[in-house]
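In case you want the letters, here they are:
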Amino acid sequence: STMVVSPDQRLVATLAFGGRLEIRDAQTLDLIAFKKTELARGRTMQAMMRAYAGFFQFATFSHDGGTLATVDNNRASLWDTSRFLQDADSRANGEQKLTQLATIRRPGKIDAIAFSPTDSSLAMAAANGQLTIWDARSPGEPQAVIENKQ
C-alpha cells in the first residue's frame, strides 16, 4: 500500500493491494472517489498475484492538486482530482468514480515520476537511466527523451 497527500493537504490518495485507488478527504478521511481494477473471472490466485504485482505502484499529485499521476509498471495514468478541490459539495457526494485524463505507456518499467513546478510537464525515469518528458496536459508523443550515456 502507498499513500500520498495533495500539496494543499486537502486530499489523500491511497493505493491498496488488490488494485484499489482511493481519494479521501484529508481532514475527515471520508471516501470521495475510487477506482478498482476488474479481474477476469476464473483466474488462478497465481495469475491474480501477477496481475496485481504492478498495479498502482506509486503516485504523485500535481502541484495544484488537480491531477493525480499513478504508475503501474510501464504505464502512467493521469486522473482528474480538480473537482474535489473546488467545493465541499463535490466531496460530499461520496464514492464517485475517478475520471481518467490520459494513459502514457513506455517501454520498460517506470521507476519515478514527477510533475514540473508549473504542472505543464511530467517526467518519468526508467531503470535503464532514460528520462522521458511529456506534456502533462495532452500527452501524446514525448517532448524529450534523455538517454543515460554511461
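The structure we're discussing is the one just above.
What you see is a predicted model; the values in this text were computed from it and never measured.

### Observations regarding the pattern of salt bridges
Considering all chains together, one arrives at 4 salt bridges under this definition. Across the salt bridge formed by Asp-8 and Arg-10, the nearest N and O atoms sit 3.7 Å from each other. The shortest N-O distance in the salt bridge between Lys-109 and Asp-111 comes to 3.2 Å. For Asp-111, a relative accessible area of 36% translates into the label partly exposed.

### A word on the nonpolar core
If you look at the biggest cluster of nonpolar residues, it comprises 15 residues, and the most contacted ones within it are Leu-11, Ala-13, Leu-21, Ile-23, Leu-68, Phe-84 and Leu-98. Sorting the residues of this core by element identifies β2 (11-16), β3 (20-25), β4 (31-36), β5 (58-61) and α2 (82-86) as the ones contributing at least two each. Ranked by the residues each element gives to this core, the list is headed by β2, at 3 residues. Core analysis: the second largest hydrophobic core is formed by 13 residues, Ala-102, Ile-113, Met-124 and Ala-136 among them.

### Things to note about the sheet that holds strand β11 (residues 121-126)
Spatially, 4 strands are ordered β10-β11-β12-β13 in an open sheet, and the strand pairing comes out antiparallel. The open sheet is flanked by β10 (110-115) and β13 (144-146), the only strands paired with a single partner. This sheet shows a mean twist of 15 degrees between the axes of neighbouring strands, independent of strand direction. Sheet analysis places strand β12 (residues 131-135) next to β13, joined by 3 bridges and oriented antiparallel.

### Topic: the environment of Ile-113
Its place among the elements puts Ile-113 in strand β10. Taking the relative accessible area as the measure of exposure, Ile-113 reaches 11% and is therefore buried. Separated by 55 residues in the primary sequence, Ile-113 and Phe-58 have C-alpha atoms spaced 8.8 Å apart. In contact with Ile-113, not counting residues within four places along its chain, are Phe-58, Thr-60, Ala-69, Val-71, Ala-76, Leu-122, Ala-123 and Met-124.

### Some thoughts on unusual backbone geometry
Of note in the backbone geometry, Leu-29 takes a positive phi value of approximately 65 degrees without being a glycine. Note on placement: Leu-29 falls in the loop between β3 and β4. A positive phi angle is found at Asp-119, which is not glycine, with a value near 65 degrees. In this structure, Asp-119 sits in the loop between β10 and β11. Given a relative accessible area of 9%, Asp-119 falls into the buried group.

Here is what the cut-offs are and how they apply
- Residues numbered from 1 in each chain as written.
- Predicted model: local features only at pLDDT ≥ 70, side-chain atom pairs only at ≥ 80, totals over all residues.
- Heavy atoms only, no water.
- Salt bridge = Lys/Arg side-chain N within 4 Å of Asp/Glu carboxyl O.
- Buried < 20%, exposed > 50% of the residue type's maximum accessible area, 1.4 Å probe, protein only.
- Core = buried A, V, L, I, M, F, W, Y, C linked by side-chain atoms within 4.5 Å.
- Helix = DSSP H or I, 4+ residues; strand = E, 2+ residues; numbered from the N terminus.
- Pairing = 2+ DSSP bridges.
- Axes fitted to C-alpha atoms, helices over the stretch in contact; angles between N-to-C directions.
- Contact = heavy atoms within 4.5 Å.

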